[in-house]
Amino acid sequence: MPKRWIKQERINHILVFIWMYIDSNSHGSTEAASEALYLIWCSVSDACLTYREIKRGFVAAFIEEELMEMYGFYVRATREFHEYVEPRSLQHLCRTVLRRTIRENKFWIPESVS
């Protein structure tokens, strides 16, 4: 089976989550990092990351146990687990479009909701 490359945007998402994991462990603030990661993923329309993607992109940088621990942090934070790359729900995609439109039109959330 030919090796499929990971898109740069997906690699960027993986790097953000790995940085948050490493930073939270060094400062002992995993709850805050977990909540921040959850909020980030709520605002992103991309499909959730899979362990295969992370392993494919970073197996040379981390041992498998570390990757599994990092992915566990990701799953707990995002409250999402996918074995394969699956698109987000239509409801989630609509939310991200609404948030982007509100932000681009420079509305404050309370005023834009009403």
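Residues numbered from 1 in each chain as written. Predicted model: local features only at pLDDT ≥ 70, side-chain atom pairs only at ≥ 80, totals over all residues. Heavy atoms only, no water.

(A) Layout of the packing of aromatic side chains. The tally for this structure, following the rule as stated, stands at 6 aromatic pairs. When the ring of Trp41 is compared with that of Tyr74, the centres are 5.6 Å apart and the planes differ by 85°; the resulting orientation is edge-to-face. With a gap of 33 residues between them, Trp41 in helix α2 (residues 30-42) and Tyr74 in helix α4 (residues 64-78) connect regions that are remote in the sequence. With respect to burial, Trp41 and Tyr74 carry one shared label: buried. By the ring-pair criterion, three or more aromatic residues cluster together here, those being Phe17, Trp41, Tyr51, Tyr71, Tyr74 and Phe81. In this structure, Arg79 is placed above the aromatic ring of Tyr38, and the distance from its NZ or CZ to the ring centre is 3.8 Å. (Phe/Tyr/Trp six-rings, centres within 6.5 Å; stacked < 30°, edge-to-face > 60°. Helix = DSSP H or I, 4+ residues; strand = E, 2+ residues; numbered from the N terminus. Buried < 20%, exposed > 50% of the residue type's maximum accessible area, 1.4 Å probe, protein only. Lys NZ or Arg CZ within 6 Å of the ring centre and 35° of its normal.)

(B) Up close: the side chain of Thr78. Looking at where Thr78 falls in the secondary structure, it is placed in helix α4. Owing to a relative accessible area of 5%, Thr78 belongs among the buried residues under this scheme.

(C) Molecular detail of the UniProt feature "domain: SOCS box" (unreviewed entry) in the protein. The residues that UniProt annotates with the feature "domain: SOCS box" (unreviewed entry) are residues 86-103. Here residues 86-103 runs as 78% helix and 0% strand, with 27 Å between its end C-alpha atoms. (UniProt positions renumbered as here; feature names shortened; annotations may be inferred.)

(D) Structural detail: the pattern of salt bridges. A full pass over the atoms with the stated rule returns 3 salt bridges. The partner of Glu53 in a salt bridge is Arg10, with the nearest N and O atoms 2.7 Å apart. Remark: Arg10 occurs in helix α1 (residues 8-27) and Glu53 occurs in helix α3 (residues 51-58); sequence separation between them is 43 residues. Comparing Glu53 with Arg10, the two get one shared label, buried. (Salt bridge = Lys/Arg side-chain N within 4 Å of Asp/Glu carboxyl O.)

(E) Molecular detail of unusual backbone geometry. Despite not being glycine, Arg79 shows a phi value in the positive range, around 60°. Secondary-structure assignment places Arg79 in the loop between α4 and α5 (90-104). With relative accessibility at 54%, the residue Arg79 sits in the exposed group.

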